[in-house]
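# Fold and contact review
The lines below spell out each chain.
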Amino acid sequence: MTTKKFAALLRGINVGGARKVPMAELRQVLEGLGHGDVQTYLQSGNAVFSTARTDPGPADLARELEAAIEARFGFAVACLVVDGAYLRAVADACPFPAAELEGKQLHATFFSEQPGAERFAGIDWPSYLPEEYRVGDRVVYLYAPDGLGRSKLAEALARPAVVRGIDVTSRNWNTVVKLIELTG
């Protein structure tokens with residue numbers, strides 16, 4: 001039986017003591033959905049799993065996980081599910097010199113669907129230099145030399161005009177690389 005590996009990226013959990021999802025319980029939720037080889041990475045909502053099921057696509061797997069998390073914890077959590085090949089393609093297409101940067105300087109914001117160019121029309125990107133962003137396949141790459149916490153461009157990219165109606169979640173480059181390793 002052939003299995004395929006996926007990464008689940010949960011948005012906005014375990015931040016500031018709110019919306020707690022212990023990683024051991026997240027693993028149980030994924031196993032309860034019939035997934036195998038379940039691992040979590042960090043406390044910020046990264047899980048890797050395999051499934052032999054061929055019928056659901058990543059979006060279906062995400063909706064199943066969202067429903068199971070809400071049933072278990074009593075609150076909704078947006079989830080993005082991507083496969084290892086997609087993560088590898090994101091890394092391969094990175095327009096920034098990832099190997100030369102610290103992981104905290106480079107981030108990938110994953111989108112549940114491809115954002116249109118009109119979403120970014122109101123961002124005066126030259127005013128944010130040396131910070132920069134580039135749009136890829138359901139991902140926005142963000143170079144923030146002083147880190148995400150100090151990034152004004154990250155704030156602009158999180159405005160409702162950019163993200164309204166789309167599930168998004170960001171990961172630093174170290175996490176992206178680790179998830180590629182775990183799904184490889």
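Before reading on, note that the structure itself is shown above.
Just so it is clear, the structure is predicted and the values come from calculations on it, not from any experiment.

Let us now look at the packing of helix α1 (residues 23-32) against helix α2 (residues 58-73). Remark: α1 packs on α2, axes separated minimally by 10 Å, with the N-to-C direction vectors making an angle of 125°. Judged on the interaxial angle alone, α2 and α1 are oblique. Taken as a pair, α1 and α2 cross one another with a handedness that is right-handed. Note on element contacts: α2 touches α1 through Leu 65, Ala 68, Ile 69, Arg 72 and Phe 73, opposite Glu 25, Leu 26, Gln 28, Val 29 and Leu 30.

Okay, the packing of helix α3 (residues 84-92) against helix α6 (residues 173-183) next. Packing of α3 against α6 brings their axes to within 9 Å, and their N-to-C directions diverge by 140°. Here α3 is positioned oblique relative to α6, judged by the angle of their axes. In the packing of α3 onto α6, the handedness of the crossing is left-handed. For the pair formed by α3 and α6, the contact residues are Gly 84, Leu 87, Arg 88, Val 90 and Ala 91 on the first element and Trp 173, Leu 179, Ile 180 and Thr 183 on the second. Counted by class, the contact of α3 with α6 contains 6 nonpolar, 2 polar and 1 charged residues.

This part is about the packing of aromatic side chains. Applying the stated criterion across every chain yields a total of 6 aromatic pairs. One residue, Arg 138, lies across the ring of Tyr 86, its end atom 4.2 Å from the ring centre.

As a further point, take the sheet that holds strand β7 (residues 139-143). Here 4 strands make up an open sheet; going across it, the order is β6-β7-β5-β8 and the pairing antiparallel. Each end of this open sheet is capped by a strand with a single partner; those strands are β6 (132-135) and β8 (168-172). For this sheet the average axis-to-axis angle between neighbouring strands, irrespective of direction, equals 20°. Relative to β7, β6 is paired through 4 bridges, and the arrangement is antiparallel. Within the sheet, the bridge partner assigned to Glu 132 lies in β7 and is Tyr 143. This element, α6, spans β5 (106-111), β7 and β8 of the sheet and lies at about 95° to β8.

About the thresholds
- Residues numbered from 1 in each chain as written.
- Predicted model: local features only at pLDDT ≥ 70, side-chain atom pairs only at ≥ 80, totals over all residues.
- Heavy atoms only, no water.
- Axes fitted to C-alpha atoms, helices over the stretch in contact; angles between N-to-C directions.
- Helix = DSSP H or I, 4+ residues; strand = E, 2+ residues; numbered from the N terminus.
- Parallel < 35°, antiparallel > 145°, perpendicular 65-115°, else oblique.
- Left-handed = near helix turned anticlockwise from the far one by under 90°.
- Contact = heavy atoms within 4.5 Å.
- Nonpolar A, V, L, I, M, F, W, Y, C, P; charged D, E, K, R; others polar.
- Phe/Tyr/Trp six-rings, centres within 6.5 Å; stacked < 30°, edge-to-face > 60°.
- Lys NZ or Arg CZ within 6 Å of the ring centre and 35° of its normal.
- Pairing = 2+ DSSP bridges.

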